[in-house]
Amino acid sequence: MKRYMFLVLAILAVVVFASGCTTSTSQTYNESGVSFDYPMGWTKLSASQMSTEVEGAAPMVAAVADEDSISNNTYQTLVAVQKTNSTGTLDEGVSASKSALESEGAVVVSESNLTVDGSTAREFTYTMKIGSLDKKESIIIFEKNNYIYAITLSAKASDFDSQKENFDMIVKSFKVT
C-alpha cells in the first residue's frame, strides 16, 4: 500500500510540474546597462529600428514591441528606453519633456509618482495624434547613477488600457545593471 501511495504522489508531482507551472509568460531584455522582463510574443528591436526622428532626443538604449501590433510597417505598441547624462533635477527633466510634447500637440491626461528600481520616478500620460493615428503614451522618468532614464510606453489610444499588464511587467521588473 505504501508503494502504491508513493507512486501516486510521484505521478501527481510530474503532472503538476508539466501542467504549465514551469511555463514562462515573459522573456528578459538584458543589454545596454538595463534589464527588464517583457511579454512572450513581443520582439526586441534592433538599433536601426530604435532610431528616433526627434531632434535633441536622448539616445535609445532599449526597445521592445508587440509583434501583433504592426500597421503600415510600424509597431503600434512598444516600449522604448532612453538614457542621458543627468544635467538638472528630475522635476526639470519632467517639465522639459512635457513642454516639448505639448508644443507638438500632446495633451497630458494624468501625472503620478512611482518607484522604479528603488528610485523616485515621475510618470505622465498623454494623448497625441500622429498622422491619422490617435496615440496614448506614458513616459516614466527617473534618475539613477547620474543618468536620467525615460521609459516610454506607447500604444494606439484604443489599445493602451488593454496593454496595462504588459506595461506593468516591464516597469516593475526594470533594473539599471
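Relevant structure appears above.
In this report, the structure presented in the accompanying data block is examined. In this text, all values refer to a predicted model and were calculated from it rather than measured experimentally.

1. Topic: helix 2 (residues 90-103)
Between its first and last C-alpha atoms helix 2 spans 20 Å; for 14 residues at 1.5 Å apiece the expected length is 20 Å, and the two agree. Among the residues of helix 2, Leu90, Val94, Lys98 and Leu101 are the ones counted as buried. Taken around the axis of helix 2, the buried residues stretch over an arc of 65 degrees, which confines them to a single face. If you follow the buried residues of helix 2, they end up packed against strand 8 (107-116), strand 9 (119-130) and strand 10 (133-144).

2. So, the pairing of strand 4 (residues 60-66)
Across the seven residues that make up strand 4, a large majority, six, are buried. Strand direction decides the pairing type here: strand 3 (residues 42-44) and strand 4, joined by three bridges, are antiparallel. Across the sheet, the residue bridging to lysine 44 is valine 64, located in strand 4. Pairing of strand 4 with strand 7 (residues 78-85) involves five bridges; the strand directions are antiparallel. Along strand 7, the bridge assignment pairs methionine 60 with glutamine 82.

3. Considerations on the packing of aromatic side chains
This model, assessed by the stated rule, comprises eight aromatic pairs. With a centroid separation of 5.3 Å and 50 degrees between ring planes, the pair formed by phenylalanine 160 and phenylalanine 167 is classed as tilted. Taking relative accessible area as the criterion, phenylalanine 160 reaches 9% and is therefore assigned buried. The class of phenylalanine 167 is buried, set by a relative accessible area of 3%.

4. Some remarks on the sheet that holds strand 10
Sheet architecture is open: seven strands sit in the order 3-4-7-11-10-9-8, paired in antiparallel fashion. Edge positions in the open sheet fall to strand 3 and strand 8, since each of these has one partner strand only. On average, each strand axis in the sheet is tilted by 20 degrees relative to the strand beside it, whichever way the strands run. The strands touched by helix 2 within the sheet are strand 8, strand 9 and strand 10, with strand 9 carrying the most contacts at an inclination of about 0 degrees. In the packing of helix 3 (residues 164-173) onto the sheet, the strands contacted are strand 3, strand 4, strand 7, strand 8, strand 10 and strand 11 (147-156), and the crossing angle to strand 11 comes to about 170 degrees.

5. Concerning the nonpolar core
Counting residues in each nonpolar core, the largest one holds 24 residues, and the members touching the most others are Phe36, Ile151 and Phe174. A per-element tally of this core places strand 11 first, with four residues. Not counting residues within four places of it along the chain, the set of residues in contact with phenylalanine 36 comprises Gln27, Thr28, Tyr29, Ala62, Val64, Val81, Ile170, Ser173 and Phe174. Leu90, Val94, Leu101 and Phe124 belong to the second largest nonpolar core, which has 11 residues in total.

6. With respect to the pattern of salt bridges
Following the criterion strictly, the structure yields eight salt bridges and no others. Arginine 122 is paired through a salt bridge with aspartate 91; the nearest N and O atoms lie 3.2 Å apart. Taken together, the residues arginine 122 in strand 9 and aspartate 91 in helix 2 connect sequence positions 31 residues apart.

7. Thoughts on the environment of valine 116
With respect to the helices, strands and loops of the structure, valine 116 is situated in strand 8. When the C-alpha positions of valine 116 and lysine 175 are compared, they lie 7.7 Å apart, and in sequence the two are 59 residues distant. Among residues more than four places away in sequence, those in contact with valine 116 are Ala121, Ile140, Phe142, Ile151, Val171 and Phe174.

8. Looking at unusual backbone geometry
Unusually for a residue other than glycine, asparagine 73 sits at a positive phi of about 60 degrees. Within the fold, asparagine 73 resides in the loop between strand 5 (70-71) and strand 6 (74-75). Take asparagine 73: its relative accessible area is 79%, and that puts it in the exposed class. The phi dihedral of asparagine 146 falls on the positive side, at around 65 degrees, and the residue is not glycine.

Parameters at a glance
Residues numbered from 1 in each chain as written. Predicted model: local features only at pLDDT ≥ 70, side-chain atom pairs only at ≥ 80, totals over all residues. Heavy atoms only, no water. Helix = DSSP H or I, 4+ residues; strand = E, 2+ residues; numbered from the N terminus. Expected span 1.5 Å × (residues − 1). Buried < 20%, exposed > 50% of the residue type's maximum accessible area, 1.4 Å probe, protein only. Arc of directions from axis to C-beta. Contact = heavy atoms within 4.5 Å. Pairing = 2+ DSSP bridges. Phe/Tyr/Trp six-rings, centres within 6.5 Å; stacked < 30°, edge-to-face > 60°. Axes fitted to C-alpha atoms, helices over the stretch in contact; angles between N-to-C directions. Core = buried A, V, L, I, M, F, W, Y, C linked by side-chain atoms within 4.5 Å. Salt bridge = Lys/Arg side-chain N within 4 Å of Asp/Glu carboxyl O.

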